[in-house]
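Results of the structural survey
Each chain, written out:
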Amino acid sequence: MKRVYVAGHRGMVGSAIVRQLECRDDVELVVRTSSELDLRNQAAVAEFFANERIDEVYLAAAKVGGIVANDTYPAEFIYDNLMMECNIIHSAHQAGVQKLLFLGSSCIYPKLADQPMMESALLTGTLEPTNEPYAIAKIAGIKLCESYNRQYGRDYRSVMPTNLYGPHDNFHPENSHVIPGLLRRFHEAKLAGDKEVVAWGSGKPMREFLYVDDMASASIHVMELSAEQYQSNTEPMLSHINVGTGVDCTIRELVETIAEVVGFEGNIRFDTSKPDGTPRKLMDVDRLKSLGWQASVTLRDGLHNAYAWFLANQDKFRG
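Residues numbered from 1 in each chain as written. Predicted model: local features only at pLDDT ≥ 70, side-chain atom pairs only at ≥ 80, totals over all residues. Heavy atoms only, no water.

**A word on the overall build of the protein chain**
Stated formally: Strands are runs of DSSP state E lasting at least 2 residues, helices are runs of H or I lasting at least 4, and numbering of each runs from the N terminus. The size measure is the radius of gyration over C-alpha atoms, and the globule rule it meets is 2.2 Å times the number of residues to the 0.38 power. Buried means the residue's accessible area, taken with a 1.4 Å probe over protein chains only, is under 20% of the maximum for its type, while exposed means over 50%, and partly exposed covers the values in between. Contact between two residues is taken to exist if any of their heavy atoms lie within 4.5 Å; hydrogens are not considered.
Across its full length, the protein chain carries eleven helices and 13 strands. Relative to a compact globule of 319 residues, whose C-alpha radius of gyration would be 20 Å, the protein chain shows 20 Å and is just as compact. Overall, the protein chain is about 60 × 40 × 35 Å in size when its C-alpha atoms are taken along their principal axes. Relative to its full complement of 319 residues, the protein chain shows a buried share of 51%. Across the protein chain, every contact between residues at least 6 apart in sequence was considered, and the portion connecting residues at least 24 apart equals 81%.

**Considerations on helix α9 (residues 251-262)**
One turn of an α-helix holds 3.6 residues; hence residues three or four places apart share an orientation. Where we set the bar: Here, expected helix span is obtained from the residue count minus one, scaled by 1.5 Å.
With twelve residues, α9 extends 16 Å between its outermost C-alpha atoms, agreeing within 8% with the 16 Å of an ideal straight helix rising 1.5 Å per residue. Among the residues making up α9, those that are buried are I251, L254, V255, T257, I258, A259, V261 and V262. Immediately beyond the C-terminal end of α9, within one or two residues, lies G263, with a positive phi of roughly 90°.

**Considering the pattern of salt bridges**
Here is the rule: By salt bridge we mean one thing: a side-chain nitrogen of Lys or Arg within 4 Å of a carboxyl oxygen of Asp or Glu.
Inspection of every chain in the model, using the stated rule, returns 18 salt bridges. When the shortest N-O distance is used, the salt bridge between R40 and D80 registers 3.6 Å. In this pair, R40 sits in the loop between β2 (27-30) and α2 (42-52) while D80 sits in helix α4 (residues 74-94), placing the two residues 40 residues apart along the sequence. Overall, the relative accessible area of 38% leaves R40 in the partly exposed class.

**With respect to the pairing of strand β7 (residues 196-200)**
Note the following rule: When DSSP finds two or more bridges between a pair of strands, those strands are recorded as paired.
In β7, alternate side chains face the same way, and those of V197 and A199 are buried while those of E196, V198 and W200 on the opposite face are not. One ladder, built from five bridges, connects β7 with strand β12 (residues 267-271); its direction is parallel. Bridge assignment links A199 to a residue of β12, and that residue is F270.

**A short note on the packing of helix α6 (residues 178-192) against helix α11 (residues 299-313)**
Stated formally: Here an angle of 0 to 180 degrees is reported between the N-to-C directions of two axes, which are lines fitted to C-alpha atoms, with helices fitted over the stretch in contact. Each crossing gets its handedness from the near helix: less than a right angle anticlockwise from the far helix is left-handed, clockwise is right-handed. All residues other than Ala, Val, Leu, Ile, Met, Phe, Trp, Tyr, Cys, Pro, Asp, Glu, Lys and Arg, Gly among them, are scored as polar; the first ten of these are nonpolar and the last four charged.
Where α6 contacts α11, the two axes come as close as 11 Å, and the packing angle between them is 65°. Of the two possible hands of crossing, α6 and α11 adopt the one that is right-handed. Judged by residue contacts, I179, L183, R184, H187 and K190 of α6 engage L299, L303, A306, Y307, F310 and L311 from α11. Its residues assigned to classes, the contact of α6 with α11 comprises eight nonpolar, one polar and two charged.

Bear in mind that shape data such as this cannot, by itself, settle questions of function.
Right under this line is the structure:
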């Protein structure tokens with residue numbers, strides 16, 4: 001039986017990975033809350049790895065947030081994420097852990113990257129300014145993995161998800177991403193009997209969304225590929241793998257689908273005085289498909305699941 005440490009097990013992705021690994025009879029899960037182990041504390045992380053005899057690591061711990069949070073707390077977003085990944089990757093190596101999977105983000109790609117975004121677009125242009133600190137930290141995580149592979153022969157891999165949503169998402173009114181933010185807004189408008197909900201922008205930009213259980217499935221799939229499979233489909237200094245559906249939709253389609261899922265029957269007005277952002281963000285997922293995995297949860301089904309989870313847990317998001 002292998003001892004598997006999931007860092008960030010209470011987060012959206014980490015908890016989804018835990019749910020799937022719990023079903024396995026060959027895995028002994030190791031988890032720690034942030035109060036039990038501060039991943040920014042180098043000595044504490046080193047002691048944890050020295051004592052726990054870990055065989056594999058899923059590095060899903062991160063400080064995450066939407067545009068407002070990234071723009072408001074840039075120092076925390078770069079410092080916390082750099083410290084967590086540096087401490088975990090280095091301490092895992094020092095403790096002899098051979099296999100590790102680092103979870104990044106699609107924001108690593110240049111703001112004006114060709115669509116769909118291929119893995120080779122990394123470091124070819126300027127990043128989106130609002131989340132540049134977070135993106136820099138995630139790029140550093142990829143390069144940490146690659147560097148320990150090249151110098152020490154480790155098998156540390158990286159996956160880059162598109163926009164994620166699902167159970168255990170953050171539904172905070174200011175700091176959430178687009179899907180949980182819209183689910184909450186339409187829910188509250190329905191309860192209040194509002195006749196109209198205003199959405200930012202024209203509704204024309206296109207975005208891709210991946211249900212978090214699909215992300216967990218893809219992460220485990222990539223972790224369990226043979227070294228030969230992984231290395232034959234990647235390069236030593238371009239080793240990350242995109243994870244997405246390969247399908248996008250307009251923001252208008254997303255907003256209208258969320259309204260239907262929530263049961264909001266009022267009017268939706270798009271405020272074109274608000275910014276649209278990047279016209280399109282879509283991941284090229286050919287590399288992952290060639291390795292035998294593709295998404296299975298539709299957007300509508302995933303939204304129904306995410307809304308059901310919110311309804312069951314909305315007391316956590318009061319205020």
